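Chain by chain, the residues run as shown.
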Amino acid sequence: MSAEFLKALTANRLGEGDVVFWSGGQWVEQFADAELFTEEGPAEAAVALAKAQPRIVVDAYLIDVTRSDQGVAPVSYRERLRALGPTNELGHGKQALGGAAIAALQAASGAARSTGRLDLIRRK
Amino acid sequence: MSTLIKYTANGATEIENSFVHVVDGEPVPQGADIIVSLGRIKAEGEALLASGVRVGVQIEPAEAVEDLAELLPRLALVAVAFPKFRDGRAYTSATLLRQRLGFNGEVRAVGDVLREQAYVMTRCGIDAFVPADGSSAAEWSRAAGHFRHVYQTAADGRTPAYAEPGRR
Amino acid sequence: MYRYDAIDKEFLTDRSNEFRHQVGRRLAGELSEDQFKPLRLMNGLYLQLHAYMLRVCIPYGTLNVAQVRRLAWIARTYDKGYGHFTTRQNIQFHWVKLRDAPDILDALAEVDLHAIQTSGNCIRNTTSDPRAGATAEEIDDPRVWSEAIRQWSTLHPEFSYLPRKFKIAVTASAKDRTAARVHDIGLALRQGRDGTLGFEVMVGGGMGRTPFIGQTIKEFLPATRLLSYLEAVLRVYNRAGRRDNIYKARIKILVSSLGAEEFGRQVEEEWAQIDAARADLPDTELARIRAAFIQPGLEVLPAVSDSYEAARGANPALARFARNNVSAHKAPGYAIVDVSLKAHDATPGDANSDQLEAIADLAERFSLGDIRVTHEQNLVLPHVKQSDLPALFEGLVAVGLATPNINLVSDIIACPGLDYCALANARAIPVAQSIAQRFLDADRAELVGELKIKISGCINACGHHHVGHIGILGVDKKGEEYYQLTLGGSGAEDASIGKILGPGLNADQVAPAVDRLVEVYLAERQGEERFLDTYRRIGMTPFKEAVYVDAH
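Note that the structure is a prediction, hence the values are computed from the model and not measured.

## Examining the overall build of chain A
Phase 1: Scanning chain A from terminus to terminus reveals three helices and five strands.
Phase 2: Going residue by residue from the N terminus, the α and β elements of chain A occur as β-β-β-α-β-β-α-α.
Phase 3: Each of the 124 residues in chain A was classed as buried or not, and the buried ones make up 44%.
Phase 4: The long-range fraction of contacts in chain A, counting pairs at least 24 apart against all pairs at least 6 apart in sequence, stands at 53%.
Phase 5: For chain A, the exposed area adds up to about 6,300 Å²; of that, 52% sits on carbon and sulfur atoms.

## Some words on the arrangement of the chains
Phase 1: Contacts between protein chains span two pairs of chains, and they are most numerous for chains A and C.
Phase 2: The smallest C-alpha distance separating chain A from chain B is 18 Å, and no contact links them.

## A word on the sheet that holds strand β14 (residues 370-373) of chain C
Residue and element names in this part refer to chain C.
Phase 1: The strand order across the open sheet built from five strands is β3-β14-β15-β12-β11, with neighbouring strands paired in antiparallel fashion. Two strands in the sheet have a free side with no partner beyond their single neighbour: β3 (62-64) and β11 (326-328). Strand-to-strand twist in this sheet, taken as the mean axis angle between neighbours without regard to direction, amounts to 30°.
Phase 2: The pairing of β11 with strand β12 (residues 334-339) spans three bridges and is classified as antiparallel. Each bridged residue has a counterpart across the sheet, and for Ser327 the counterpart in β12 is Ile336.

## Structural notes on the domain arrangement of chain C
Residues and elements named next belong to chain C.
Phase 1: Here the domain parsing of chain C yields domain 1 (6-109), domain 2 (135-292), domain 3 (306-398) and domain 4 (413-547).
Phase 2: Its C-alpha centre places domain 1 at a distance of 27 Å from the equivalent point of domain 2.
Phase 3: Across the contact, eight residues belong to domain 1 and eleven residues belong to domain 2.
Phase 4: When domain 1 packs against domain 2, the two sides together hide about 800 Å² of surface, and 63% of this comes from carbon and sulfur.

## Comments concerning the side chain of Asp112 of chain C
Residue and element names in this part refer to chain C.
Phase 1: Inspection of the secondary structure puts Asp112 in the loop between α4 (101-109) and β6 (127-128).
Phase 2: Taking relative accessible area as the criterion, Asp112 reaches 13% and is therefore assigned buried.
Phase 3: A polar contact of 2.8 Å, which involves the side chain of Asp112, links it to the side chain of Lys9.
Phase 4: Discounting residues that sit within four places of it in the chain, Asp112 has contacts with Tyr4, Lys9, Leu12 and Gln67.

## As for the packing of aromatic side chains
Here the distance between the centres and the angle between the planes together describe a pair of aromatic rings.
Residues and elements named next belong to chain C.
Phase 1: If you walk through the whole model with that rule in mind, you get 22 aromatic pairs over all chains.
Phase 2: Judged by centre distance (6.1 Å) and plane angle (50°), the ring pair of Tyr535 and Phe543 falls under tilted. Assigned by exposure class, Tyr535 and Phe543 land together as buried.
Phase 3: Positioned above the aromatic ring of Tyr247 is the side chain of Arg209, whose terminal nitrogen or guanidinium carbon lies 3.7 Å from the ring centre.

## As for the sheet that holds strand β2 (residues 52-56) of chain C
What links the strands of a sheet is backbone hydrogen bonding, and the strands pair in either a parallel or an antiparallel sense.
Residues and elements named next belong to chain C.
Phase 1: If you walk across this open sheet you meet the five strands as β1-β2-β5-β4-β13, and the pairing is antiparallel. Of all strands in the sheet, those bounded by a partner on one side alone are β1 (45-47) and β13 (350-352). Neighbouring strand axes in the sheet, compared pairwise and without regard to direction, differ in orientation by 30° on average.
Phase 2: Bridge count between β2 and strand β5 (residues 91-96): four bridges; the pairing is antiparallel. Among the inter-strand pairings, Leu54 is bridged to a residue of β5, identified as Phe93.
Phase 3: Where helix α2 (residues 33-41) meets the sheet, its contacts fall on β1 and β2, and the angle it forms with β1 comes to roughly 130°.
Phase 4: Sitting on the sheet, helix α3 (residues 65-78) touches β2, β4 (82-85) and β5, and the angle it makes with β5 is about 15°.

Reading the values: rules and limits
Residues numbered from 1 in each chain as written. Chains lettered and ligands numbered in written order. Predicted model: local features only at pLDDT ≥ 70, side-chain atom pairs only at ≥ 80, totals over all residues. Heavy atoms only, no water. Helix = DSSP H or I, 4+ residues; strand = E, 2+ residues; numbered from the N terminus. Buried < 20%, exposed > 50% of the residue type's maximum accessible area, 1.4 Å probe, protein only. Contact = heavy atoms within 4.5 Å. Areas by Shrake-Rupley, 256 points an atom, 1.4 Å probe, with all protein chains shown as cover. Pairing = 2+ DSSP bridges. Axes fitted to C-alpha atoms, helices over the stretch in contact; angles between N-to-C directions. Domains from an automatic or database assignment. Buried area = accessible area lost by both parts, 1.4 Å probe. Polar contact = N/O pair within 3.5 Å; in protein donor to acceptor, adjacent residues only side chain to side chain. Phe/Tyr/Trp six-rings, centres within 6.5 Å; stacked < 30°, edge-to-face > 60°. Lys NZ or Arg CZ within 6 Å of the ring centre and 35° of its normal.

Quick look at the structure:
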């Protein structure tokens, strides 16, 4: 595992609750459009700017991002769900938009799922 | 001096707060009305009460308001402390002061005192407020009197819904 | 059914206006998020993963036709066309905007609904029996007392900022359908030797990370003294409950640390000092509330409907539905119908707007306009003529609500989990769906019989996993979802906390593991034993061995 610093800044819009991502001083709807921070200084500076917008967003925080063959995706499963939408209703949330960027994120999301690694169950 | 909102049946008014909060261990200022801790009133009560100034006691959330029972007739006010607005123990302290201990003097809310809690505070018999959010008396009055009906008896003596003439 | 009068309606209007004002102040920047959050929570508005979630109170799980229609309209107008019924007999909307919330509360208030105290450290909606007023088992109508508690607890000034949330359940039947023993206070109606009504008072039950079964602190509280006694319990808790650690702030921790006996003694001491004339409800008010629950419109019918018997004989699907979803009503010729929200491909507890409207229409035609919500995330039509059952069944089939699986393996409780909830560690819904998929064979499910599976996506236990016959708890293990299984829990009158089966399983392993557990049960059971009974008789080992095959 490389220890590369790779983060994005996310929040929810105050009035609507929608998940948004920071991109060069703007809030954007899709993770694919999020600004990726490779250094701590600019990332923390963006957090400070976001926290100065209490009438626009709630709860701004940095998330860890990972690079793989499929592209970039949030590391945690929770953040992938925020970037996509619920897995029980594929027509709801950001995933409803479809397209290559969403498909890539879904593929990355699938890769993060547990795949029976522990093999605890075997037939008698 | 801080602003104090007094709340009566006629609504809220802003008045000058004449009381000085005396920190434990500090000397008592001459001639000023004072608010002291429960510990201090227990230790120095007779001397303080004999000094001719008006004396109030501040009750912290973890303290038992019943400990004041005997002194209450000689106290000008009891301040109930809200270190955080989420700490609701002072509501029980205020309720017991009014309902059980029969205290008719001022019950004053101090600390993290916000307009959003005006309704529950007044219902528990608190009638003076040192707001932490800069609320005016008019704003306080509106917040406290927002509900036309109440569902249960409380220290403010308002008629609960079940006893309103319109109920049946 | 209790009808709101002008006083109740004005109260809701005032509350709705107050919240509109507060939302306005927040959007204008006059209130910080820290100041606003507890205010929105006290109006049921959470910020979840994808949006705001609004939890609407359904007092003791009772709805009328107009209310269900309004919920359908709200789902369609302000959400994505569905609502989610919760394990607390409430409904929540998962895609709400803060800007819309005041309008939604106004729309709710028009049909006497609200979101008061569906969150926050206050007294929450009272849980009660979804069969109240319809079952012959009850010794009194628990809705009478639930309504008294609703009024007493609404914006209670002394108990609005408790150490933590507070949940009360009222049950009146030997069969407990309220999970009373895992509530902060469980109230079980009892009849005294002289015929008077009273409550057995159980305190300190609860789930979360430290589950407890409630303990009885009073065997027989005269029913008319209920409110003063509740005041005493709440006062002792408000003063002495811990406020330094959110995980130790529930009353169960206080009761456990003091001991039930000492806690009960402190309550008695406090109770003795309360002026009963002020605190207890006058008999006239109790009589007024009681009168509201007298059920009009029940006809005198023969005990058996020949047309229904004939239809059941001719239609195996109806017969299966009748075996699993229909039970006895106190009035001859009537039945209580459970409507499952656990179709095999559905999200447990979800109902879309079309289904809600269909339920409202069917309740209007066939159930005296009465609809109930169960804490097991299903609905109940409590007053159905047997002769109407075939038509009702067809109506339910038409909207996908005739799943004949009440209390069976696929009737699974599941919280929204990580798909929606900001607190969750793992998803719950897909796990429930994978288990339901595995038990698609309805004959096999009936053969297995009563088996309560309950899934929570985190230790807060909204999915009641501690009291599942099979409980499933989602955990996060290094960013992956894992599931810990427990066996032997029960939330009913034989309440118990489940015990951990073994190491956590990944998502794909849960349904096969449940299958193995069921196979052990089928091989071992004696007579009429339920899964739970067999587990209690033979213990953990055979189940554990079947799921975890060691490579020795």
